[in-house]
Amino acid sequence: MKLFLLSAFLMIILFQLTAQKPSNNTFFHDKNAWNSFADTTKARVILDTIKVLTYAGDFQRGIELSRWAIGLSKESDTLMAKAQYALGKLKLSAGDLDSSKYYLDKNINFVLKHFGRENEFYANTINAIGIYNLNKGNYSEAINKYREALSINQKIKDPNDLQIANNYNNIGVVYYQLQQLDSVSYYLQKALNIKLLN
């Protein structure tokens, strides 16, 4: 039931976002209702909304909201890491590669300072830097980043976690670009094996 209510709430927010731009950084017509929430609560709602916008392909609106979420996340290292990652990943999805690299590097430094290396924030950001390198044609660096993300995920996640399958898939894609078909087959089969279990 909670998941349904959250989904319904996010869809209402998405509708409001597409109907009009937020004025004075508020989703609600009743500004007092929105302003009564703590900044961290607002940041969580915005980050969930960004997921919906990303799924819908509205990267520009997601970028705007990511910046807002960063401003609201100053009291929570976890939310700041998620918001900075979202901004870098959205810039990457929008094709703004150099800007995405700036924000992803900024998030790596933040995550290292506050959480260290062996955590989901670091693994996700390193994976996104791998995507950046793939898009730039830096294949050896992309493989290095994907392998680093895979190594971390193998330590912190269940062996059959879909994120590990995603890491194998990404490595396979780079080997495809390099026309190393034996490696492509090896990594894509490992990804498929995990995906079939889920």
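Just so we're clear, the structure is a prediction, and the values are computed from it rather than from any experiment.

(A) Up close: the overall build of the chain. Counting secondary structure elements, the chain contains 10 helices and zero strands. The helix and strand sequence of the chain, counted from the amino end, reads α-α-α-α-α-α-α-α-α-α. Buried residues in the chain amount to 42% of all 198 residues. As displayed, the chain has an accessible area near 10900 Å², and 52% of this comes from carbon and sulfur atoms.

(B) Representation of the nonpolar core in the model. With 36 residues, the main nonpolar core has Ile46, Leu47, Ile50, Leu65, Trp68, Tyr122 and Ile126 as its most contacted residues. Residue assignment for this core shows that the elements contributing at least two residues are helix H3 (39-56), helix H4 (59-72), helix H5 (77-93), helix H6 (97-114), helix H7 (120-136) and helix H8 (139-156). Among the elements that take part in this core, H5 stands out by supplying eight residues, more than any other. Every residue in contact with Ile126, bar those within four places of it in the chain, is listed here: Ile108, Lys145, Glu148 and Ala149.

(C) Here's a closer look at the packing of aromatic side chains. One pass over the structure, following the stated rule, counts five aromatic pairs. Ring centres of Tyr168 and Tyr187 lie 6.2 Å apart, and the angle between their planes is 35°; this geometry places the pair in the tilted category. With Tyr168 in helix H9 (residues 162-177) and Tyr187 in helix H10 (residues 181-197), this pair connects stretches of sequence that are 19 residues apart. Judged by its relative accessible area of 9%, Tyr168 falls in the buried class. Judged by its relative accessible area of 12%, Tyr187 falls in the buried class. Centre to centre, the rings of Tyr175 and Tyr187 are 5.7 Å apart; their planes meet at 15°, and the pair counts as stacked.

Cut-offs applied
- Counting restarts for each chain: residues are numbered from 1 in the order of the written sequence.
- Given that this is a predicted model, residues contribute local features only at a pLDDT of at least 70 and side-chain atom pairs are listed and counted only at 80 or more, while totals for whole chains, interfaces and linings are drawn from all residues.
- Computation of side-chain values: all heavy atoms of the structure, hydrogens and water removed.
- Helix numbering and strand numbering both begin at the N terminus, where a helix is a DSSP run of H or I of at least 4 residues and a strand a DSSP run of E of at least 2.
- Each residue is placed in one exposure class: buried if its accessible area under a 1.4 Å probe, protein chains only, is under 20% of its type's maximum, exposed if it is over 50%, and partly exposed if it falls in between.
- Surface exposure here means Shrake-Rupley accessible area, sampled with a 1.4 Å probe, where a residue is shielded only by the protein chains that are shown.
- Side-chain atoms within 4.5 Å are what join buried Ala, Val, Leu, Ile, Met, Phe, Trp, Tyr and Cys residues into a set we call a nonpolar core.
- Any two residues whose heavy atoms approach within 4.5 Å at even a single point are treated as in contact.
- Centre distance within 6.5 Å is the pairing criterion for rings of Phe, Tyr and Trp, where only the six-membered ring of Trp is used; planes under 30 degrees apart are then read as stacked, over 60 as edge-to-face, and the remainder as tilted.

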